[in-house]
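Coordinate analysis (summary)
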Amino acid sequence: MSEFAKEKLTALMLEYPKPSGIILGYGTAGFRTRADILSWIMIRIGLLASLRSKVKKACIGAMITASHNPEHDNGVKLIDPYGEMLDQSWEVYANNLSSLDDNIHVLWDYLETLMTQLNVQLNDKSTVAIAYDTRQSSPLLSNIVKNAAEILNTNIMNFELMTTPQLHYTVRCYNDNELYGSCTEAGYFDKICTAFRKLIEARRYNLCMTSGAKPAEQLAIDAANGIGAQKLVYLNQRLSDLLTIEIFNDGTKGHLNEKCGADYVKLYQKAPDGLPLTNYPKYCSIDGDADRLIYYFIDENQRFHMLDGDRFSVLFASFISNKLKEAKLMDQVKMGVIQTAYANGSSTNYIVNTMNVPVACVPTGVKHLHHKALDYDIGIYFEANGHGTVLFSDNLKSKVKAAIEDQNRTDEERLAASQLHVFIDIINETVGDALADLLATEAILCLMNLSIEGWLHLYNDLPQRQLKVAIKDRTMIQTTDAERRCIAPAHLQDCIDELVSKYSSGRSFVRPSGTEDIVRVYAEATTQVDADKLADDVRKIVEELTK
């Protein structure tokens, strides 16, 4: 059988040869580059997905997307059995396969060595679930992954067009025998839409019994001309009586992520093209593969206001902590918000000192945030770019269920527990999910009777500034304390501390880029002028000490 497999792999490599001199590394985003030079790596990722499935005796996901990147790019990343990112230890195998040229003997020898090391056989069963976004290059690339995986005796589940979070969800459902939900796109929508409907209809019924229900505020959505636009159409059909949305940048004109999408809005701090800035009380943008979400609005003075990841953390934590208190469960569970050094100091202060919820700080990167969130019964994390979710422990879920069933509790306590129980079903715990987070946000605003302006005014951000500093070797900068303090070069942190002490509410840190020889400088202070000045002063110190 191995000779037949080698022949098929040889033919596939001849059809999609590796360009000479190319180097690709597997990171948080998987493999990602221009689509026209990506086909060869899909062979390697198909092989790797099959091996991972054999080892875990579970379905592994392969998502073809380049997320918020331009349309001419594409990429691929693997999804582990419970919807989490590929275990970091396997990135080594991905990079080893990437480094090998198209020599069938060398490549096959490596595969056999790896199978021996991992204690799996060529004919062991494996299952790989594949999905892709709307990029023109995606169907071909996904087909290469399929063909490569099948060489190693792999069953393929091809879900075709899906958002990235939908595939994460589907892989999780398949591997836990659908305890988390039905492992289909229909099952995904049934779960989040049914939960949203329960919360909103109950809220409307209660309002009608008292002062009368007001209609939902309109929401204009920028879908980044990506896969999310198609899924939002279905979402709108399911919930049009409860949620008033209008979809723009829906892919019928314009290009994917070009001057639109959540990343564009966050980066340039302004509304996207293709979105009419009149007649809508609130707006939001998702990104190309629908795992990021940013809200914003235009005030009566025509000023643009954005609500990013820090704001979601505060909103979600406010709602959940309120429900825990109403259900008399707050003292029985461990709740925390996980942030990085980039979180605005005002958000941290509000969460800790006003809400009395602990905050943990971790190094930059969703894998660090997600891992830390597992330490809590309720772990809330959002990156500044709007990518985030909430993790709920089995302990929390059982306590909520018990509270609902406890006849000795008051109606108010049981109602709060029931609302929390239903809210959990809106959340996609496997990964940040723009569609699920959108429904969760709209549900919270409704249940808390909070406008988008009210959400913004929960706290006031400190002005901040971020700069990039080019240096000859980024490894000269070494950090500790979740990247908030420098340990090299010598005296840099002392200089930063001295500069920070001169500014009211001043804070600054520097960290090396993970991919290029630049250092990122972050600074915040009471005024924008002070934040800009502090960032520039720190930049000068970095340049001086890294000459």
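Residues numbered from 1 in each chain as written. Predicted model: local features only at pLDDT ≥ 70, side-chain atom pairs only at ≥ 80, totals over all residues. Heavy atoms only, no water.

Quick word on the overall build of the protein chain
Within the protein chain, the regular secondary structure consists of 18 helices and 19 strands. On C-alpha atoms alone, the protein chain measures out to a radius of gyration of 24 Å, which is about the 24 Å that the 2.2 N^0.38 rule sets for 547 residues. For the protein chain, the C-alpha atoms occupy an extent of roughly 75 × 60 × 50 Å along the three principal directions. Per-residue burial for the protein chain yields a buried fraction of 56% across its 547 residues. (Helix = DSSP H or I, 4+ residues; strand = E, 2+ residues; numbered from the N terminus. Rg over C-alpha atoms; globule rule 2.2 N^0.38 Å. Buried < 20%, exposed > 50% of the residue type's maximum accessible area, 1.4 Å probe, protein only.)

Thoughts on helix α3 (residues 91-99)
Residues E91, Y93, A94, L97 and S98 constitute the buried set of α3. Down the axis of α3, the sector holding all buried residues measures 160°, keeping them to one side. Check the buried side of α3 and you find it contacts β1 (31-34), α2 (39-56), α4 (104-118) and α12 (366-373). (Arc of directions from axis to C-beta. Contact = heavy atoms within 4.5 Å.)

Some details on the sheet that holds β1
By definition, the strands of a sheet pair up through backbone hydrogen bonds, in either a parallel or an antiparallel sense. Pairing in this open sheet of five strands is mixed, and the strands run β1-β3-β2-β4-β5 from one edge to the other. On the outer flanks of this sheet lie β1 and β5 (154-161), each paired with one strand and no other. Direction aside, the axes of adjacent strands within the sheet are offset by 15° on average. Where β1 meets strand β3 (residues 73-79), four bridges bridge the pair, whose relative direction is antiparallel. Note that in β3 the partner of T33 across the bridge is N74. (Pairing = 2+ DSSP bridges. Axes fitted to C-alpha atoms, helices over the stretch in contact; angles between N-to-C directions.)

Structural notes on the UniProt feature "active site" (unreviewed entry) in the protein chain
Taking the numbering used here, the UniProt-annotated feature "active site" (unreviewed entry) corresponds to S67. Mapped onto the elements of the fold, S67 is located in the loop between β2 (59-64) and β3. Those residues within four positions of S67 in sequence are excluded, and the remaining contacts are R32, R135, N257, D287, G288, D289 and D291. (UniProt positions renumbered as here; feature names shortened; annotations may be inferred.)

Digging into unusual backbone geometry
Note on backbone geometry: most residues besides glycine have negative phi, and most peptide bonds are trans. Cis peptide bonds are those with omega within 30 degrees of zero, and the linkage from A488 to P489 qualifies with 0°. Tracing the sequence through the fold places P489 in the loop between β17 (485-488) and α17 (492-500). Backbone geometry places S67, a non-glycine residue, at a positive phi of 55°. Here S67 falls in the buried class, since its relative accessible area comes to 4%. The phi torsion at D481 lies on the positive side, around 55°, for a residue other than glycine.

Quick notes on the nonpolar core
Counting residues in each nonpolar core, the largest one holds 77 residues, and the members touching the most others are Y295, F316, I320, I380 and F423. Examining the composition of this core, we find that nine residues originate from one element, helix α15 (residues 434-447), more than from any other. For this core, the two domains that each supply at least three residues are domain 2 (186-307) and domain 3 (309-432). When near neighbours in sequence (up to four residues on either side) are disregarded, F316 contacts I380, F382, V390, F423, I427, D437, A440, T441 and I444. Counting 51 residues, the second-largest nonpolar core is a separate cluster that includes Y26, A94, I104 and L152. (Core = buried A, V, L, I, M, F, W, Y, C linked by side-chain atoms within 4.5 Å. Domains from an automatic or database assignment.)

Focus on the packing of aromatic side chains
Evaluated as defined, the whole model comprises 23 aromatic pairs. Taking 5.7 Å as the distance between ring centres and 55° as the angle between the ring planes, the aromatic pair formed by Y169 and Y180 counts as tilted. Highlighted residues: Y169 in helix α6 (residues 164-175) and Y180 in the loop between α6 and α7 (185-209), separated in sequence by eleven residues. Residue Y169 is classed as buried on the basis of its relative accessible area of 2%. Between the aromatic rings of F248 and Y280, the centroid separation amounts to 6.0 Å while the plane-to-plane angle is 85°, which identifies the pairing as edge-to-face. In this pair, F248 is assigned in strand β7 (residues 245-248) and Y280 in the loop between α9 (262-268) and β8 (282-286), connecting sequence segments 32 residues apart. (Phe/Tyr/Trp six-rings, centres within 6.5 Å; stacked < 30°, edge-to-face > 60°.)

Notes on the pattern of salt bridges
Per the stated rule, a full pass over the model turns up 35 salt bridges. A salt bridge links D536 to R539; its shortest N-O distance comes to 2.7 Å. Note that D536 and R539 are positioned in helix α18 (residues 528-545) at a spacing of three residues, about one turn of the helix. One salt-bridge network, in which partners are shared between bridges, spans K328, D406, R409 and E413. (Salt bridge = Lys/Arg side-chain N within 4 Å of Asp/Glu carboxyl O.)

Quick word on the environment of D299
As for its placement among the helices and strands, D299 is situated in the loop between β9 (293-298) and β10 (304-307). Residues D299 and T389, spaced 90 residues apart in sequence, show a C-alpha to C-alpha distance of 28 Å. Polar contacts involving the side chain of D299 include one to the side chain of H305, which spans 2.8 Å. (Polar contact = N/O pair within 3.5 Å; in protein donor to acceptor, adjacent residues only side chain to side chain.)

Observations regarding the sheet that holds strand β12 (residues 359-361)
The strand order across the open sheet formed by four strands is β12-β11-β13-β14, and the pairing between neighbours is mixed. The sheet is open, and its two edges are formed by β12 and β14 (388-392), each paired on a single side. Direction aside, the axes of adjacent strands within the sheet are offset by 20° on average. Of the strand pairs in this sheet, strand β11 (residues 335-339) and β12 are connected by three bridges, and their pairing is parallel. Bridge assignment links I338 to a residue of β12, and that residue is A360.

Structural notes on the UniProt feature "domain: Phosphoacetylglucosamine mutase AMG1" (unreviewed entry) in the protein chain
Cross-referencing UniProt, the feature "domain: Phosphoacetylglucosamine mutase AMG1" (unreviewed entry) maps to residues 183-293 and 308-448 in the present numbering. Within residues 308-448, the helical portion is 55% and the strand portion 13%, while the C-alpha atoms at the span's ends are 19 Å from each other.

Observations regarding the environment of V362
By secondary structure assignment, the location of V362 is in the loop between β12 and α12. Owing to a relative accessible area of 8%, V362 belongs among the buried residues under this scheme. Discounting residues that sit within four places of it in the chain, V362 has contacts with I338, Q339, T340, A341, H368, L369, K372 and A482.

What to know about helix α11 (residues 345-354)
Burial in α11 covers these residues: G345, S346, S347, Y350 and I351. In this fold, the buried residues of α11 make contact with α10 (309-326), β11, β12, β18 (507-512) and β19 (518-524). The N-terminus of α11 is capped by N344, whose side-chain oxygen sits 3.0 Å from the backbone nitrogen of S346. Note on α11: the residue one or two positions beyond its end, N356, has a positive phi of about 60°.

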